[in-house]
Structure formats: structure tokens, C-alpha cells
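Architecture and fold: a report
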Amino acid sequence: CSRDWSSDVCSSDLMVMAVQLMLAQPSPSTAQLSVMVEFVELLSRNTAPLARCQDSMQALASYVASVRPGTSALPGLFGAWPSPCGRPLAYYGSEQSDWALCKGTYPTTRGYTCGLWELFHLLIAHSVEERAVSDLMAIKAWIEQFFGCEDCRNNFLAMATGIDTSVTTRDDAVLWQ
């Protein structure tokens, strides 16, 4: 993916894959549903460079807000969100997607995890001053609840110890990210 987020499919690939991973929880708890709603609202708010995604992200936010604890959200996702960012849901994560920016030397390196850090930086960089710290906390909560790489999650959470008191401004959040 190029660094031109406004014209690139990469960031939408990452957003959709992060949502699919999150909504794949078979029986989300009330706490997980709260994180889902907060993260989707963050995606909906901070994807300004991806104008083609705005409507679909708002539709997703409405859908996620309707999911109830103990009920899998994934089965209804295709009906509620058939073409995020103008592409069929099945496109995302397929071989048609390109990970050029985060393509590793070997097939098992970089890729999705690298792309997530890029997405998180994009989201924080598009935060307004009043929301930047809470947006960073939403990302932290998403990683804590839904990121499947246990070593990566534990490493991130160890680095994020005290983040809620050390990051107080938008600039702090962008630089921390």
C-alpha cells in the first residue's frame, strides 16, 4: 500500500479486517460489545481521508450498536455491511488485497500486524484534540480484547502501562502511537 491513504485500498482493507476479527467473537460479553461500539465509532469518526468509507462506517456503527451480549455479530454482518468502502465484504483479506507497504521479506512476516499499527497511527493522526486520548484508549481496548497475536498483544499492553496518565494531549497520542 502506498502512503497516500486518500486513494489507497490498504487502509480500508485493514479497517474491514479489524472489524471482521472483532465481530468474529462467538459470544461477546458486555465489556467486549462496549469496546466494539467504541472502536467502530472511532473508525467512523477518523476515516476522513477515506470519504468512500464514511457511509459504510456509519452503517456499521448502527449495526454494532444493535448487537446484544452473548449473540455473535458476524452472521448479520454481511447483510448490514455488504460493501464497505465500495467493495464487496468478501474482497477484504482476499488475494486481491495488496499489502505492498507492509509486505515482509517472508510470507509470514509483517502483513496484517504491520498494517494494524499503520491504521492505528492514521486513526490517531486524524483525532481532534478533545478526543485523541480517548481514541488512543479505544485502540488499546481493542488490542486488549480482540488482537489475536498473544505475544504482540502482551508486548503492546506492557508498553502501554501508564498510558492513561502519561498521554494527555493529541500530540502526545500521535507521538506515542
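What counts, and at which threshold
- Residues numbered from 1 in each chain as written.
- Predicted model: local features only at pLDDT ≥ 70, side-chain atom pairs only at ≥ 80, totals over all residues.
- Heavy atoms only, no water.
- Axes fitted to C-alpha atoms, helices over the stretch in contact; angles between N-to-C directions.
- Helix = DSSP H or I, 4+ residues; strand = E, 2+ residues; numbered from the N terminus.
- Parallel < 35°, antiparallel > 145°, perpendicular 65-115°, else oblique.
- Left-handed = near helix turned anticlockwise from the far one by under 90°.
- Contact = heavy atoms within 4.5 Å.
- Nonpolar A, V, L, I, M, F, W, Y, C, P; charged D, E, K, R; others polar.
- Salt bridge = Lys/Arg side-chain N within 4 Å of Asp/Glu carboxyl O.
- Buried < 20%, exposed > 50% of the residue type's maximum accessible area, 1.4 Å probe, protein only.
- Core = buried A, V, L, I, M, F, W, Y, C linked by side-chain atoms within 4.5 Å.
- Polar contact = N/O pair within 3.5 Å; in protein donor to acceptor, adjacent residues only side chain to side chain.
- Phe/Tyr/Trp six-rings, centres within 6.5 Å; stacked < 30°, edge-to-face > 60°.

**Some remarks on the packing of helix α2 (residues 30-45) against helix α6 (residues 132-146)**
At their nearest, the axes of α2 and α6 sit 9 Å apart, and the two run at 130° to each other. Comparing the axis directions of α2 and α6 gives the class oblique. You can see that α2 and α6 cross each other, and the crossing is left-handed. Across the interface between the two elements, Gln 32, Val 35, Met 36, Glu 38, Phe 39, Leu 42 and Arg 45 of α2 pack against Ser 134, Asp 135, Ala 138, Ile 139, Ala 141, Trp 142, Gln 145 and Phe 146 of α6. Its residues assigned to classes, the contact of α2 with α6 comprises 9 nonpolar, 3 polar and 3 charged.

**So, the pattern of salt bridges**
Scanning the entire structure with this criterion turns up 3 salt bridges. Across the pair Asp 135 and Arg 45 runs a salt bridge, and its minimum N-O distance is 2.5 Å. Pair noted here: Asp 135 is in helix α6 and Arg 45 is in helix α2, with a separation of 90 residues, a long-range link. Overall, Asp 135 belongs to the buried group, its relative accessible area being 0%. By relative accessible area, Arg 45 is classed as partly exposed at 33%. With a closest N to O distance of 3.6 Å, Arg 131 and Asp 135 form a salt bridge. Several salt bridges converge on common partners, so that one network encompasses Arg 45, Arg 131 and Asp 135.

**Considerations on the nonpolar core**
With 51 residues, the main nonpolar core has Met 22, Leu 23, Phe 39, Leu 60 and Trp 142 as its most contacted residues. Sorting the residues of this core by element identifies α1 (10-23), α2, α3 (54-66), α5 (112-125), α6, α7 (150-159) and α9 (170-176) as the ones contributing at least two each.

**Some thoughts on the side chain of Asp 135**
Engagement of the side chain of Asp 135 in a polar contact is seen with the side chain of Arg 45, the distance being 2.5 Å. Side-chain polar atoms of Asp 135 contact the side chain of Ser 127, separated by 2.6 Å.

**Some points on the packing of aromatic side chains**
Enumeration according to the criterion identifies 9 aromatic pairs in this entry. With 5.4 Å between their ring centres and 25° between their planes, Phe 39 and Trp 142 make a pair best called stacked. Placement of the pair is Phe 39 in helix α2 and Trp 142 in helix α6, with a sequence separation of 103 residues. Look at Phe 39 and you get buried, because its relative accessible area is 0%.

By themselves, these observations are geometric and do not establish any function.
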